[in-house]
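# Architecture and fold: a report
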Amino acid sequence: MKQQKLHAYHVLLRMVRVRELRASAVLSEAAGKERTCQSRLDDVLASRDAISAAHGRCVQSTSTVDMGRYEMLSLLDGAYAAKQQSVSSELTDATLARKDRASENLLAKRYRERVGAHVDQLDGELHRERAAKAQEESVELWLESRKGL
């Protein structure tokens with residue numbers, strides 16, 4: 001009976017390992033998406049910094065202000081501000097998704113560990129039973145051999 005139970009737990013352990021590997025792959029994908037969003041946000045921030053610097057140079061120039069350039073830089077800054085907001089929102093969503101996937105991965109890992117511990121426990125019990133039975137048989141054989149002398 002214990003052998004069948006042990007076999008069932010071995011099958012469950014294989015299934016749980018697959019679930020854990022899938023959760024790990026999904027977590028890896030979520031972390032990659034988060035890195036991509038962070039990179040996009042860094043690019044947008046760098047572009048906004050460059051636009052702000054150009055805007056400042058345009059206003060601080062000692063000669064007259066080039067109104068066409070000033071307007072273009074103002075429009076670009078507004079467009080990049082909207083893009084920054086959008087990318088920042090995507091990054092927040094990606095971070096939350098990664099945290100959720102990390103929790104799922106942790107739960108899958110813990111479940112696999114519990115099933116593995118149960119398999120080890122059953123395997124140990126079965127091994128002890130077999131060892132006790134083998135020892136009992138060897139004692140009986142020894143006693144039978146002593147009777148024959």
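Just so it is clear, the model here is predicted, and its values are computed rather than measured.

## Things to note about the overall build of the protein chain
Secondary structure summary: the protein chain contains two helices and zero strands in total. The globule rule puts the C-alpha radius of gyration for 149 residues at 15 Å, and the 34 Å found for the protein chain is more than 25% above it. Scored against the burial criterion, the 149 residues of the protein chain give a buried share of 19%. Across the protein chain, contacts joining residues at least 24 apart in sequence account for 84% of those joining residues at least 6 apart. If you sum the accessible surface of the protein chain, you get close to 11100 Å²; carbon and sulfur atoms cover 54% of it. For the protein chain, the centre of its 25 positive side-chain charges and the centre of its 22 negative side-chain charges are spaced 4 Å apart.

## Quick look at the pattern of salt bridges
This model, assessed by the stated rule, comprises eight salt bridges. Among the salt bridges present, the one from Lys-2 reaches Glu-129, with a minimum N-O distance of 3.0 Å. Of this pair, Lys-2 sits in helix α1 (residues 2–60) while Glu-129 sits in helix α2 (residues 67–147), placing them 127 residues apart in sequence. By relative accessible area, which is 30% here, Lys-2 ends up partly exposed. Measuring nitrogen to oxygen at the nearest pair gives 3.3 Å for the salt bridge that ties Arg-48 to Asp-77. Highlighted residues: Arg-48 in helix α1 and Asp-77 in helix α2, separated in sequence by 29 residues.

## A look at a negative patch on the surface
On the surface, Glu-136, Glu-137, Glu-140 and Glu-144 cluster together into a negatively charged patch. Within the secondary structure layout, Glu-144 lies in helix α2. Judged by relative accessible area, Glu-144 falls into the exposed class, the value being 53%.

## Concerning the nonpolar core
Counting residues in hydrophobic clusters, the biggest one holds seven residues: Leu-6, Leu-13, Val-16, Val-115, Val-119, Leu-122 and Leu-126. When residues of this core are traced back to their parent elements, those giving at least two are α1 and α2. Among the elements that make up this core, the one with the highest residue count is α2 (four residues). Among all residues touching Val-16, those that are not within four sequence positions of it are Ala-108, Tyr-111, Arg-112 and Val-115. Listed in part, the six residues of the second largest apolar core include Cys-37, Leu-41, Val-44 and Val-87.

## Examining the environment of Tyr-9
Tracing the backbone through its elements, the reader meets Tyr-9 in helix α1. Taking the relative accessible area as the measure of exposure, Tyr-9 reaches 23% and is therefore partly exposed. Between the alpha carbons of Tyr-9 and His-118 there is a distance of 7.8 Å; along the sequence they are 109 residues apart.

About the cut-offs
- Residues numbered from 1 in each chain as written.
- Predicted model: local features only at pLDDT ≥ 70, side-chain atom pairs only at ≥ 80, totals over all residues.
- Heavy atoms only, no water.
- Helix = DSSP H or I, 4+ residues; strand = E, 2+ residues; numbered from the N terminus.
- Rg over C-alpha atoms; globule rule 2.2 N^0.38 Å.
- Buried < 20%, exposed > 50% of the residue type's maximum accessible area, 1.4 Å probe, protein only.
- Contact = heavy atoms within 4.5 Å.
- Areas by Shrake-Rupley, 256 points an atom, 1.4 Å probe, with all protein chains shown as cover.
- Lys, Arg positive; Asp, Glu negative; His and termini not counted.
- Charge placed at Lys NZ, Arg CZ, Asp CG, Glu CD.
- Salt bridge = Lys/Arg side-chain N within 4 Å of Asp/Glu carboxyl O.
- Patch = residues over 30% accessible without salt bridge, like charges linked within 9 Å, V, L, I, M, F, W, Y side chains within 5 Å.
- Core = buried A, V, L, I, M, F, W, Y, C linked by side-chain atoms within 4.5 Å.

Note that every value here comes from positions in space, so none of it alone points to a role or purpose.
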